[in-house]
Amino acid sequence: MSMPAVEKAPESRAPRTATADRVPVAAEEEVHQPFIPAENDIPELTPVPLIVGALLGILFGASSMYLVLKVGLTVSASIPVAVLSITIFRGFTKVFRTRRATILENNITQTAGSAGESIAFGVGVTMPALLILGYNLEISQLILVSVLGGLLGILLMIPLRRALIVKEAKTLTYPEGTACAEVLISGETGGTTAKTVFAGLGVGAVFALGYKAFGFFKDIPEKIFGKWYDGGNLSIEVGPELMGVGYIIGTRIAMIMGAGGILSSLVLMPAIKLFGRSATTPIYPATTLIKDMSTDDVWHQYILYIGAGAVAAGGIISLFKSLPTIIGGAMRGMRSLRGVAGATGPLRTERDIPLWIVGLGSVALIIVCTLVPSFKINVLGAVLLFVLGFLFVTVSSRLTGEVGSSSNPISGMTVATLLIVSSIFFALGWVSPPYKVAALSIAAVACIAISNGGTTSQDLKTGYLIGATPSRQQIAILVGSLASALVLGFVILKLNDAGTIFASRSYPDVTFTQSDYTGTREHLRGPDADRDSREYNVVWLKEPRGSVPSGKYLVDDSGHVKYLEDPGINGKLDTRDNGEKVKAKFSAPKPVLMSFIIEGIMTQKLPWGLVLIGVFISVVLELCGMSSLAFAVGVYLPLSTSTPIMIGGLVRYVADKTASRRLSDAEAESGPGVLFSSGLIAGASVIGTILAFLQLSEPTRNFLNSINVSSKIPGFATSDLISLLLFLGLGAVLWAVATERWLSDKKA
C-alpha cells in the first residue's frame, strides 16, 4: 500500500521568530498539521520495521559501546538509522515486490533503532567503574541495569510528551528530532538515499580491517623524542571511528580535546621525567624509579591520576554551570506538566500508553531494583532512584529540546546523582563495599534512564512532526530498548575479556591469608584461558603490600601470587606473557570519574597530590573561559586517541570553509559529512568489536594470525609515514564527501 504524500502546513516548518514564540499554546495546537494527518491511519507498527529497527539498534549500540569505552563519547544514531531504513525498505520493495514502506513505518524503525546508542552510553560510562573499584562485571548485572534503566527512562518520559512536545512545540525545537523528520519527509518524496552512510560503513570497515586484521599498515604512527626531550612523544591512532567522532562533535570541541592531549604528552610527561629522573626512590603511587620508566609507565602511574582529577573536576564544574539550566528546566517541566500529563484524545496522534500502565510499570521497575541481589539497593536507595530518576529524566527531556542531544549534560546529571547518593550514604555511615556497589547501581540505572529519556523525547518530536501515533512509537522504543539491553551486556563483557591480560607474577616474600581473599575463586579468562584451567583465590589490594603493587591478583592455595589480572577496560598492560600485543584495550574516561567520586567520598583514599593537579588544571581552564571537561578528557586519554579526533575536527573546519553552499542547522545534522562520519564510526567500531570477539577462542585467534601479512611486508607495514599518509588520505575522502564533491545525493 502506497500513500500519496500530504503537503505539510507551512506553519509547522517555519523557522522560529519572535512573533511565532508568542503564539498561545492553544492556538499553536490548533494550527499544527503533521505531514500525515491524524485521520489517516496508515500502516505503522508492523513487525518487519520493528525487527529491522531493533537489529539496527543493536548494531549502532555495539559500535557506540566500543566508542564510549574508547573515548567516552557517542553520537546520535537516529538520523543514520532513518536513512538506512528508507533505503533498506526501498530495496525490499524492488527485490520482493512488496508494498512500499510508509513514512510512519520508517519512523518506527528509527525509533526502535535509536535506543541502542543511548543505552550503550549509560552502561559504558558507569558500569566499568566496578572494575576500577575491584569487582567483576557480571552478565546478569549488566543486562538488568540496561533493561531497568532503559525501560524506566521511557516510562518516566511518556507523561511529559504532551507537555513538552505538543504544548511547547514552538519553544522546544529538538534539533535532532526535527532533522530526522526532515530526512523521513525527504525520503517519502524520493529525495534521500543511504549511499553516503553505506559508503562510510564500507570505507570504515575496510580501513579498520587493513591495519587491525591484515596488518597492511601501522596502527599507531609515533615519534618518541630522545634524551633532549625525555618523556615527550607524538602519536596518532589511525582509527576511522575517531576521525568520524571529531568531525561530528565539531572543530572547537575536537581542538580542545587535542589540546588536553598535547598538555599531557608534551608538557606533563617530560616535566615528570625531567624533575623525577634524579629521584633515588620510587615516587608514590609508582613502585619503580622514574628514570627507568617508559612513556607508557609514566602515563599509567602519574598522568592517569592527573587526568582523572581533571575529568572529575570538569564534570563537577560542568554540573554547577548547568545547575541554573537544570533547575530552570525542571521547574518549567513541572509547570507545563500540570493538567496535561497523560492527556489523551480521540485523535490518533494524541494517543499515549495509558498513564496507569506507565505508573505501575515505573513502580514495578523500582521494586525490581531493590530485589536484584547484585545491585545492593535498599529501600532508601530505591526512593532516591525514583526521585532523582524522575527529576533528571524531566530535565533531560526538556534540555534535549532546548540545546539538542549533543549538548545535553547527561554526564553532569549522572555525577549529580552519584554525588547526592554517595554523600547521603557517607553521612549515614554506609561506606562498606556493598554501599559502593549500591551507589554505582543507582547512578547506572539513573544514567541510562536519563539518556534514554532524552532520546525518547527526540523520537516523539519526530513523530509529532510527521504525524505518528505516540503510543505506537512508545511501544517501538520499549521493544528497541529491551532488544539492545539484552545484547549490549554481552558486548561490554566480551570486549573486556578480549583485552584482559593475566600476567604471571611472583612475590615469594609475601604470603596472603584467608582474611585477604574476596571469598570468590576465579580462573583465567579470554585469550589466556588456555594457559591454565585451575581456579585461584582472588585478592584485591587497594594499597601496595611489601613488594606487591596495588591491583587484582589470583593467588594459589599456599597464599602466593600466581597472576596479576589486568582488565581490558582501564587496564595498564598491553602485552601478554608470550609477547603478543593487545590492541583491545579501552581507556574508559567516564567510569574513572564515577569511581573517583565514590572512592573520594566514601573512603577518601586517593593519590590526592596528583588528583589535585588535575583539579586545578580544570579550574585554570574555566578561568580562561574554556570548556574544562573536554580539555580534561583530552588530558586523560592517550595523545594517540585525541589526535585523530582533532584531525576530524580540522576536516570539519576545512569542509565548512570550502563547501559550495552553506547548510542550515537542520541540513548540517543530516548533511553528507555527518552521515559519512556516522558510517565510518559504525563500520570501524563493529569491525573492532568483531575482531575483539574473535580473539577469545584459539582457532579464530590462529586464523587472525594467519591472515596478518605484516611480517611479509615489514618495510611497508611498520612505516610511520605510510600509515600517516593513508590516514590523511581518509581525511581527504571525508572532506570530498562533506563538500559534495563525491557521493552527492543531489538530483540533476
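Here goes a summary of the coordinates provided. Worth saying up front: this structure is predicted, and the values here are computed from it rather than measured. (Residues numbered from 1 in each chain as written. Predicted model: local features only at pLDDT ≥ 70, side-chain atom pairs only at ≥ 80, totals over all residues. Heavy atoms only, no water.)

Met65 and Ile466 are the most contacted members of the largest nonpolar core, which has 165 residues in total. A per-element tally of this core places helix 19 (residues 433–466) first, with 17 residues. Among all residues touching Ile466, those that are not within four sequence positions of it are Pro34, Phe35, Ile36, Ile103, Leu104, Asn107, Ala181, Leu184 and Ile185. Phe207, Ile236, Ile647 and Val651 belong to the second largest nonpolar core, which has 19 residues in total. (Core = buried A, V, L, I, M, F, W, Y, C linked by side-chain atoms within 4.5 Å. Buried < 20%, exposed > 50% of the residue type's maximum accessible area, 1.4 Å probe, protein only. Helix = DSSP H or I, 4+ residues; strand = E, 2+ residues; numbered from the N terminus. Contact = heavy atoms within 4.5 Å.)

In this model helix 20 (residues 470–499) runs 42 Å from its N-terminal to its C-terminal C-alpha over 30 residues, within 8% of the 44 Å that 1.5 Å per residue would give. The largest bend in helix 20 amounts to roughly 30° and is located at Val487. Among the 30 residues in helix 20, 22 count as buried, and that is most of the element. (Expected span 1.5 Å × (residues − 1). Bend = angle between axes of the 7 residues up to and from the residue.)

In this section: the packing of helix 7 (residues 115–126) against helix 19. Helix 19 packs onto helix 7 with a crossing angle of 155° between their chain directions and a minimal axis gap of 8 Å. Considered as vectors, helix 7 and helix 19 are oriented roughly antiparallel to each other. Where helix 7 crosses over helix 19, the handedness of that crossing is right-handed. Residues Ala115, Glu117, Ser118, Ile119, Phe121, Gly122, Val123, Val125 and Thr126 of helix 7 lie in contact with helix 19, whose contacting residues are Leu440, Ala443, Ala444, Cys447, Ile448, Ser451, Asn452 and Thr455. Residues belonging to the contact of helix 7 with helix 19 are distributed by class as follows: 10 nonpolar, 6 polar and 1 charged. (Axes fitted to C-alpha atoms, helices over the stretch in contact; angles between N-to-C directions. Parallel < 35°, antiparallel > 145°, perpendicular 65-115°, else oblique. Left-handed = near helix turned anticlockwise from the far one by under 90°. Nonpolar A, V, L, I, M, F, W, Y, C, P; charged D, E, K, R; others polar.)

A few words now on the packing of aromatic side chains. Under the criterion given, the structure shown has 14 aromatic pairs. Ring geometry for Tyr66 against Phe586: centres 5.4 Å apart, planes inclined by 85°, an arrangement best described as edge-to-face. Taken together, the positions of Tyr66 in helix 4 (residues 47–71) and Phe586 in the loop between strand 7 (561–566) and helix 21 (589–602) put the pair 520 residues apart, joining distant regions of the chain. Judged on exposure class, the residue Tyr66 and its partner Phe586 are both buried. The interplanar angle of 15° and the centroid separation of 5.0 Å between the aromatic rings of Trp430 and Tyr435 together place this pair among those described as stacked. Pairwise contacts between aromatic rings join Phe89, Phe92 and Phe96 into one cluster. Sitting over the face of the ring of Tyr247, Arg652 holds its NZ or CZ atom 4.9 Å from the ring centroid. (Phe/Tyr/Trp six-rings, centres within 6.5 Å; stacked < 30°, edge-to-face > 60°. Lys NZ or Arg CZ within 6 Å of the ring centre and 35° of its normal.)

On to the packing of helix 9 (residues 139–157) against helix 16 (residues 355–371), then. With their axes 9 Å apart at the nearest point, helix 9 and helix 16 run at an angle of 150° to one another. Of the possible angle classes, the one that applies to helix 9 and helix 16 is roughly antiparallel. Read as a crossing pair, helix 9 and helix 16 show a hand that is left-handed. On helix 16, the residues that touch Leu148, Leu151, Leu152, Leu155 and Leu156 of helix 9 are Val358, Gly361, Ser362, Leu365, Ile366, Val368 and Cys369. Among the residues making up the contact of helix 9 with helix 16, the classes are represented as 10 nonpolar, 2 polar and no charged.

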